Amino acid sequence: MRDASIDLEHLSADLRVVLDSINEGIHIVDTCGITVFYNRIAASLDNLDPQEVVGRHILSVFPSLSEDTSTLMSVLRTGRPAPVRQQTFRNYKGDTITTMNSTLPIYSGAKLIGAIEVSKDVTLVKELVERVVDLQAELITTAGVHSATGHRVKVGTARYTFDDIVAVSQNMQDVVARAKRASQSGSAVLIYGETGTGKELVVQSIHNSSPRAARPFIAQNCAALPETLLEGILFGTARGAFTGAENRPGLFEVADGGSLFLDEVDAMPLPLQAKLLRVLQEGSLRRIGESSERKVDVRLISAMSSNPATAVERNLIRRDLFFRLGVIIIEIPPLRKRKDDIPALTEHFIERYSSQFGVNVHGVTRDVFELFMEYPWPGNVRELQHAIEAAVQLSHGSLIGLEHLPPHVLSHGPGDAASRPRANRFLPTSQFRDNSTPAIEEEAKAPLVPTLEQIEKSLIWAALETCEGNISATARYLDIPRQTLQHKLKRYSIDASDIRRKDLDYTDK
Ligand SMILES: Nc1ncnc2c1ncn2[C@@H]1O[C@H](COP(=O)(O)OP(=O)(O)OP(=O)(O)O)[C@@H](O)[C@H]1O
Ligand SMILES: [Mg+2]
């Protein structure tokens, strides 16, 4: 065992310099638990001198740790990475420090030769995030107090309404109609669509036209924070829950009476999803470290960029949580699948940026129009918006030409317009000054039949889950005859008894 660690002891001088200059604490031990490297930041976090640590066994330097509580020792024992852990402690100066620690095994080929712990100081992030939550809470309380002045103070940050949404295509009009209906019900809404398709716009519009419009709208991105921080931010903490923990409300409490928007909800770690599920089921929560329950009345809206059915299949979202989050599901199609919106969006953004930059741009040339209609817009509406924002400033004149477009859009090339089918549906708007009919290239689509089958399968699966595998109830739920359902179950090899047997686990481990 000991000779395997020789590799670690002889970390090259260059590597030591690099590891010593990075901004994270690094602690490396060999397979016996002897420290072979301990960098400057780790030393300052622990308030120790590297000389006191290197060459000694970890448990003799940190007597408060044991074989069981030391993550480095447990990684050496299991050979597997330890879950990322948050640690809050007071340093020698009396400052409260919060670190996120990742502990990983080190292998040379198949042989375990040691373990490494990387500690990232997230004190500042934690303080800033808590400050944001406090300010939001303060704003909401103050808004309540000042309503006595007779002015209704707008709380939260939702500024868009349905009037801000450009929707010409049937696809987008359906989205808006569905979202308007959703705004009137109190049910949880799950919105999905590629980046830049307008999810946030729709979410805010739902809140603003709902009966909760005068109450808070609070948004939180679930991908932005490590698990332990996110947990405290969402559910709040009680003093003493861990060293340095304060009594503070979470976003659920801050959003009470209003809407909470969880963006990129598929990035939420699974254990936290279990807690979220419990709050949704019980309508109450417990701050971390607190034993009493607090009632909350929050309308949850969530969003993600991938298809929720796929996210469930890939185990990114718990199936039981998915049913709670997606009582109403709204898909916003990518811009390339609703090209009828492109002329109106172009007009909308030209107007906005012409007045913002004080210029007089009327429209785009025919070449630009054709390019806009055939370009796939991977960044969707946001990409179109940015292209126009830049072009309006560059054009100085009445029309936006190809020369004003960003190179990546331009490099797509206008193609051979004459060889493409011409579609009269897409008549030039007032922004398109050329009188000829623009050309549209039909893009290759997903083959319809397998796609529909996939959708049908997930709908049946979801309905079965809702009806706990009961065939008659599921058939009624889907409004199809029982025999038709049975035929489909056979065709898709779905065994309803699997669902009946499945013991749904709502508890937080
Ligand atoms: N239909 C629309 N009408 C007008 N503006 C739109 C429309 N769709 C999107 N936008 C604008 O495009 C930009 C991107 O929209 P939004 O931020 O809502 O996208 P998103 O789907 O939340 O993207 P991401 O997944 O990257 O967060 C915003 O400035 C928004 O105002
Ligand atoms: Mg967004």
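Look up a bit, the structure's there.
Here's what I pulled together on the structure shown here. These figures come from a predicted structure and were not determined experimentally.

## Observations regarding the environment of Thr228
Then, in step 1: Among the structural elements, Thr228 can be located in helix H10 (residues 227–235).
Then, in step 2: Given 22 C-beta atoms within a 10 Å radius, Thr228 is considered buried.
Then, in step 3: Note: C-alpha distance between Thr228 and Pro269 (41 residues apart in sequence) is 9.7 Å.

## Considerations on the pairing of strand E6 (residues 189–192)
Then, in step 1: Here E6 shows a buried face lined by Val189 and Ile191 and a second buried face lined by Leu190 and Tyr192.
Then, in step 2: Of the pairings in the sheet, the one linking E6 to strand E11 (residues 299–304) comprises four bridges and is parallel in character. Across the sheet, the residue bridging to Tyr192 is Met304, located in E11.

## Some details on the sheet that holds E11
Two modes of strand pairing occur in sheets, parallel and antiparallel, and in both the strands are linked by backbone hydrogen bonds.
Then, in step 1: Ordered by their spatial adjacency, five strands build an open sheet running E7-E8-E11-E6-E12, and the pairing between neighbours is parallel. Of all strands in the sheet, those with a lone pairing partner are strand E7 (217–221) and strand E12 (328–331), marking the two edges. On average, adjacent strands in this sheet sit at an angle of 15 degrees to one another, irrespective of strand direction.
Then, in step 2: Sheet analysis places E6 next to E12, joined by four bridges and oriented parallel. Pairing of Val189 across the sheet is with Ile328, part of E12.

## Notes on unusual backbone geometry
For residues besides glycine, phi is generally negative; the peptide bonds are generally trans as well.
Then, in step 1: For Asn47, which is not a glycine, the phi torsion comes out positive at approximately 55 degrees.
Then, in step 2: Counting through the fold element by element, Asn47 comes out in the loop between helix H3 (40–46) and helix H4 (50–53).
Then, in step 3: The exposure class assigned to Asn47 is exposed, which follows from the 11 C-beta atoms found within 10 Å.

## A short note on the site of ligand 1
Then, in step 1: Looking at ligand 1, there are 16 residues lining it, with Thr195, Gly198, Lys199, Glu200 and Val381 nearest.
Then, in step 2: Contributions of two or more residues to the shell around ligand 1 are made by helix H9 (199–208) and helix H17 (380–395).
Then, in step 3: Of the residues that constitute the shell around ligand 1, the class distribution is five nonpolar, eight polar and three charged.

## Quick notes on the environment of Ile460
Then, in step 1: Along the polypeptide, Ile460 turns up in helix H19 (residues 448–466).
Then, in step 2: The exposure class of Ile460 is buried, given the 20 C-beta atoms found within 10 Å.
Then, in step 3: The spatial distance from the C-alpha of Ile460 to the C-alpha of Leu485 is 8.4 Å, given a sequence separation of 25 residues.
Then, in step 4: Sequence-distant contacts of Ile460, that is, excluding residues within four places in its chain, are made with Lys488, Tyr492 and Ile494.

Rules behind the numbers
- Residues numbered from 1 in each chain as written.
- Chains lettered and ligands numbered in written order.
- Predicted model: local features only at pLDDT ≥ 70, side-chain atom pairs only at ≥ 80, totals over all residues.
- Helix = DSSP H or I, 4+ residues; strand = E, 2+ residues; numbered from the N terminus.
- Buried ≥ 20, exposed ≤ 12 C-beta atoms within 10 Å, placed from the backbone.
- Pairing = 2+ DSSP bridges.
- Axes fitted to C-alpha atoms, helices over the stretch in contact; angles between N-to-C directions.
- Near = placed C-beta within 6 Å.
- Nonpolar A, V, L, I, M, F, W, Y, C, P; charged D, E, K, R; others polar.
- Contact = placed C-beta atoms within 7 Å.

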